[in-house]
Amino acid sequence: MRTRVLALIAVGLLAVGGCTGHRADRGRPPAPAPSVSTPPVGQSSASMTVGDQQRTYRVYRPAGLPTPAPLVIVLHGAAGTGQQAEESYGWDTEADTGKFLVAYPDGIRRTWNADPDCCGVAARDNVDDVGFITKLAGSFGGLVDQRRVYATGISNGALLSYRLACETDIFAAIGPVAGTMINDCPDPHPLSIMHIHGTADPTVPYGGGPGRRDNGGAGSRLPAKIDGPAVPDLIGQWRKVDQCAAPVVKTSGAVTTSTAACADGRAVDLITVAGAGHQWPGSRPAPIAQRLLGLDAPSTALRATPTLWTFFAAHPRA
């Protein structure tokens, strides 16, 4: 039992989704209409079936939400939950001002399948997290503007956001925080990206390569191998995908913002926070968890959530 707990903590330290004109076949019943979720105002929780698994999530609907509204899907890190992400990162408060819907899905055993190498149970069991997040994004019917669907996440959640960008075409933009891309991405769909990362991140190093908590990855009991490219190189790859102009770079204190305007109104931005570790800048501090689990304190040099929402709001899908 002690070994199992230690293994879970190791993975958890990675962080603190009409008519067609064709004649119908006689005798065949029509396909069932897709299930539509209409969440109440305020916080709520729900579930859906994906394959043979029951998947859970939380939703926040601000009062006075216009229809259709933007949707932001917030992906927790390894060892986190949808509730933890809702309580930690301030997206409900931002939604009250910006008037958008927020969904906080739960990973299987607190992990996401970003790649066979990471992370944890979800990667080991090849859980269909892309299918889950895709179904979740489409489950709100006319309540959501499909041109304004966004995903953000931290660490393992950030890794999954890059996989979603590579394997789906439903997102207008993603906002990875303290993450990288480890999945294959042979034919990515162009979209806007704002990536936020600290230069002192020991778990997902800004300069690329393996992090301090890596294990053997695929084939391990709880895979946790993050060995991605240097963050500026990764952003350079996506700027080629998005056909971007040369970036404009500005520095204010510890925060350096590299902004690149791209084709069809898209943008690919990198925000670098000098000296920041593996954390969500501007999030609620958790000193007990930080001390017990060796987590990095959130940077106070940037408020990531309002920064991401401002970017999302300016970049609907073309």
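Throughout what follows, the structure given in this document is the object of discussion. Per chain, the residues get numbers from 1 upward, laid out in the order the sequence is written. Predicted model: local features are reported for residues with pLDDT of at least 70 only, side-chain atom pairs are reported and counted for 80 or more only, and whole-chain, interface and lining totals are derived from all residues. By convention in this description, side-chain values take in all heavy atoms of the structure and omit both hydrogens and water.

1. Describing the state of the cysteines
For step 1, the next point in the chain: The rule for a disulfide is simple: a pair of cysteine sulfur atoms within 2.5 Å. For the structure on display, the rule yields three disulfides.
For step 2, the next point in the chain: Across the disulfide, Cys244 is cross-linked to Cys262 (sulfur-sulfur distance 2.0 Å). Taking the torsion about the S-S bond as the criterion, the Cys244 to Cys262 disulfide, at about 85°, is right-handed. Taken as a pair, Cys244 in the loop between helix H7 (231-241) and strand S10 (248-252) and Cys262 in the loop between strand S11 (255-261) and strand S12 (267-273) lie far apart in primary sequence, 18 residues in all. Secondary structure elements follow DSSP: runs of H or I of four or more residues count as helices, runs of E of two or more count as strands, with numbering from the N terminus.

2. Examining the pattern of salt bridges
Opposite charge on two side chains permits pairing when their charged atoms draw close.
For step 1, the next point in the chain: Salt bridges are defined by distance alone: a side-chain nitrogen of Lys or Arg within 4 Å of a carboxyl oxygen of Asp or Glu. On inspection of all chains with the given rule, the structure shows seven salt bridges.
For step 2, the next point in the chain: Here Glu86 ties to Arg58 by a salt bridge, and the two come within 2.5 Å at their closest N and O atoms. Of this pair, Glu86 sits in helix H2 (residues 82-89) while Arg58 sits in strand S2 (residues 53-61), and the two are 28 residues apart along the sequence. Arg58 matches Glu86 in its accessibility class, with the two residues each being buried.
For step 3, the next point in the chain: A salt bridge links Arg266 to Asp264, with the shortest nitrogen-to-oxygen separation between them at 3.5 Å.
For step 4, the next point in the chain: Judged by relative accessible area, which is 12%, Arg266 ranks as buried.
For step 5, the next point in the chain: Buried residues are those whose accessible area, probed at 1.4 Å on protein chains only, stays under 20% of the maximum for their type, while exposed residues exceed 50% and partly exposed ones sit between those limits. Judged by relative accessible area, which is 60%, Asp264 ranks as exposed.
For step 6, the next point in the chain: Three or more residues joined by partner-sharing salt bridges are found here, namely Asp242, Asp264 and Arg266.

3. Some thoughts on the sheet that holds S11
For step 1, the next point in the chain: By definition, two strands form a pair when at least two bridges between them are found by DSSP. Pairing within the open sheet is mixed, and its 10 strands lie in the order S1-S2-S4-S3-S5-S6-S7-S12-S11-S10. Whereas interior strands pair on both sides, the edge strands pair on one side only; in this sheet they are strand S1 (42-50) and S10. Neighbour-to-neighbour, the strand axes of this sheet turn through a mean angle of 15°, independent of strand direction.
For step 2, the next point in the chain: It only takes one pair of heavy atoms within 4.5 Å for two residues to be counted as in contact. Between N-to-C directions, angles span 0 to 180 degrees; the directions come from axes that are lines fitted to C-alpha atoms, helices contributing only their stretch in contact. Sheet strands in contact with H7 are strand S7 (192-198), S11 and S12, and its direction is about 170° off that of S12.

4. Structural notes on the nonpolar core
For step 1, the next point in the chain: Counting residues in each nonpolar core, the largest one holds 42 residues, and the members touching the most others are Leu71, Ile133, Phe171 and Trp238.
For step 2, the next point in the chain: Membership of the second largest hydrophobic core comes to 30 residues, among which are Trp91, Phe100, Leu308 and Phe311. Throughout, nonpolar core names a set of buried Ala, Val, Leu, Ile, Met, Phe, Trp, Tyr and Cys residues whose side chains join them through atoms within 4.5 Å.

5. Looking at the packing of aromatic side chains
For step 1, the next point in the chain: Centres within 6.5 Å make a pair out of two Phe, Tyr or Trp rings, where for Trp the six-membered ring is used; the pair is then stacked when the planes are under 30 degrees apart, edge-to-face when over 60, and tilted otherwise. Under the criterion given, the structure shown has eight aromatic pairs.
For step 2, the next point in the chain: Ring geometry for Trp91 and Phe312: centres 6.5 Å apart, planes at 15°, overall stacked. Highlighted residues: Trp91 in helix H3 (residues 91-98) and Phe312 in helix H9 (residues 304-313), separated in sequence by 221 residues. A single burial state applies to Trp91 and to Phe312, both of which are buried.
For step 3, the next point in the chain: Three or more aromatic residues link up through ring pairs in this structure, and these residues are Trp91, Phe100, Tyr150, Trp309, Phe311 and Phe312.

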